[in-house]
Structure formats: C-alpha cells, structure tokens
Amino acid sequence: MAGYERDSARVDKALREKGIVVVMGRDHAKKPEDVINTFKAIYEAGYVSEVTFRIEEGILREAMSELTVIRAESDPDDPMLLGVGSVINPRELESAIEMGFDMTVSPDSGMGGFREKIDFVRIARKARVFCAPAAFTPSELSYWIERDDGLEPDAVKVFNSSVYGPKNLGGLLAPYQRERHTGKIIMPTGGVNRKTGLEFRANISKRGFYPVLGMSDPLKLVLDKKMPGDLDILRESLSKFKEEFVPMPDA
C-alpha cells in the first residue's frame with residue numbers, strides 16, 4: 001500500500017457519484033485471478049466493487065497482494081476502491097483491514113456475538129476504513145443512526161432487502177426522517193437488480209436518505225455462462241447491465 005492512504009471520505013464520495021456497489025460472491029470467483037479480473041472490469045465500468053468473505057480468505061489474500069498495487073497505480077482522482085463484504089466477526093474485519101481493503105460491509109453488526117456491535121465502527125474508523133454494518137429491524141436501524149457518541153457508521157446496509165421490497169423498505173425508513181439524517185447512505189442488498197433498483201432508489205430518496213445499491217446483477221452473465229473471471233464475459237455482462245439500468249438523474 002506504499003503511496004496510498006485509505007480514506008473513508010474518498011469512499012463516501014465515490015459511492016455517491018457511482019451509486020452502485022457490485023457484489024462478488026463465491027460463484028463469481030474461484031481463484032485469485034478471477035477476483036483481480038472482476039475488480040478490474042467493475043472499475044472500468046465505473047462502479048465500486050465488493051468481494052465477499054464467502055470466497056476463501058486465502059484467495060482474497062493472494063488477490064489483494066496484486067490489487068493493492070493496481071490501486072496505488074490507478075487514477076488518484078478516481079482510484080480503484082477495494083471493498084469487502086460478508087464480514088461477520090471481528091477476526092474477519094481485522095483481516096480485511098490488514099489486507100488493505102478500503103470498505104468493509106457486513107450483513108449484520110459484523111461482530112458475530114464476540115464483541116459489542118459498535119466495535120465494528122470503532123475498529124474500522126481507527127483504520128480510516130469505510131464501514132457499513134447492516135440493519136433489518138427498526139431497532140437495529142435506530143441503533144446505528146441515533147447515536148450521540150460520534151460513532152455513527154459511514155453507511156447502513158439493509159439486509160435482506162428482498163424481504164421488504166422497495167415500498168416496504170421506504171416504510172422502514174419513514175419514521176426516521178429527520179434533518180440530521182438527511183443524505184445518510186442506505187445500502188439495500190438482496191432483491192436489488194436492474195428491475196427493482198430504480199424503485200429502491202426512489203423509496204430511499206423519498207425519505208431523505210441517499211441510496212447506494214448493493215447487487216450482483218451486473219455480473220449475471222458470468223453465472224449464466226459459468227465463466228468466473230473471464231474478462232470478456234465480465235465486460236459484456238457489465239455493459240449489458242449498463243444499457244438496461246437507467247442511471248441516477250444527477251450521475
């Protein structure tokens with residue numbers, strides 16, 4: 001990571017500009033080269049990447065040894081940001097930070113019952129790593145956004161959003177409309193795709209929050225053809241998604 005310093009504000013800016021986090025699951029990458037190629041293709045397409053701990057950690061570590069070099073050599077005004085998700089315990093969070101990721105995302109608190117939930121934010125913030133723990137219930141959402149200790153996370157993921165759907169996710173957010181929450185990033189994940197994405201965006205924005213969509217749908221062709229890591233297929237898949245998904249009006 002020589003010459004590159006992580007900065008959660010840089011990630012925040014990129015997420016707001018790009019609006020989509022492309023999520024890479026275990027069937028999208030079987031070896032380190034697959035992970036590297038997928039990050040490259042997603043970056044070229046103009047989105048933010050999130051690999052997940054559903055992929056074997058050894059594969060992630062080997063891929064990151066090259067990806068951190070590529071990131072350091074990428075455009076300093078629009079670097080290849082390295083995100084990781086499915087972080088479910090403190091050990092994985094600390095491994096993610098040590099490997100050099102810019103962004104850590106969890107399907108829950110990320111502490112797995114080992115530590116206090118808020119430690120996810122404490123650990124990530126100390127490393128200047130963007131953190132997005134998840135909420136599903138109103139109480140969990142309130143836990144993350146109604147804080148007076150300065151430890152509000154950078155974003156809140158809502159997982160599994162397929163249970164809510166776009167309209168009911170808006171209903172979850174509705175009671176929390178306050179000036180102090182205006183523009184807070186909400187990241188719906190699960191059931192978000194090129195068909196539902198715009199409605200998720202509209203219902204989140206309507207409540208004053210800022211939508212950033214987490215989805216694997218841009219990589220659909222990779223699964224359909226069973227060709228993980230193939231750069232041509234990756235680029236074709238991302239290009240097709242881009243054609244079919246209308247961008248945000250101000251993107």
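This text goes with the structure placed above it.
Residues numbered from 1 in each chain as written. Predicted model: local features only at pLDDT ≥ 70, side-chain atom pairs only at ≥ 80, totals over all residues. Heavy atoms only, no water.

K.L.:
Lay out the packing of aromatic side chains with the relevant residues and their values.
P.N.:
For any pair of aromatic rings, the description rests on two quantities: the centre-to-centre distance and the angle between the ring planes. Counting across every chain of the model gives 4 aromatic pairs. Judged by centre distance (4.9 Å) and plane angle (45 degrees), the ring pair of F136 and Y164 falls under tilted. With F136 in the loop between β6 (134-135) and α6 (138-145) and Y164 in helix α7 (residues 161-173), this pair connects stretches of sequence that are 28 residues apart. F136 sits in the partly exposed class, given a relative accessible area of 28%. The exposure class of Y164 is buried, given its relative accessible area of 18%. Between F241 and F245, the aromatic rings sit 5.3 Å apart at their centres with planes inclined by 10 degrees, giving stacked as the arrangement. Judged by relative accessible area, F241 falls into the buried class, the value being 0%. Aromatic rings pair up to connect Y47, F241 and F245 into one cluster. Looking at K117, its charged tip hangs above the ring of Y143, at a distance of 4.0 Å from the centre. Geometry around Y143 places R147 over its ring, the cationic atom sitting 4.7 Å from the centre. (Phe/Tyr/Trp six-rings, centres within 6.5 Å; stacked < 30°, edge-to-face > 60°. Helix = DSSP H or I, 4+ residues; strand = E, 2+ residues; numbered from the N terminus. Buried < 20%, exposed > 50% of the residue type's maximum accessible area, 1.4 Å probe, protein only. Lys NZ or Arg CZ within 6 Å of the ring centre and 35° of its normal.)

K.L.:
I'd like a description of empty space enclosed by the protein, backed by residues and values.
P.N.:
Per the stated rule, a full pass over the model turns up 1 cavity of 30 Å³ or more. Volume-wise, the largest cavity comes out at about 60 Å³. Considering the residues around the largest cavity, the lining is formed by A14, K18, F39, I42, Y43, Y47, V48, S49, D78, P79, M80 and L81. Secondary-structure elements contributing two or more residues to the lining of the largest cavity are α1 (8-18), α2 (32-45) and β2 (48-52). The element best represented in the lining of the largest cavity is α2, accounting for 3 residues. Along the lines of polarity and charge, the residues of the lining of the largest cavity split into 9 nonpolar, 1 polar and 2 charged. (1 Å grid on protein atoms, 1.4 Å probe; cavity = no way out; pocket = protein on both sides within 12 Å on 5 of 7 lines; lining within 4 Å. Points joined across faces, edges and corners; volume = space filled by probe spheres on them. Nonpolar A, V, L, I, M, F, W, Y, C, P; charged D, E, K, R; others polar.)

The values are spatial; any link to function lies outside them.
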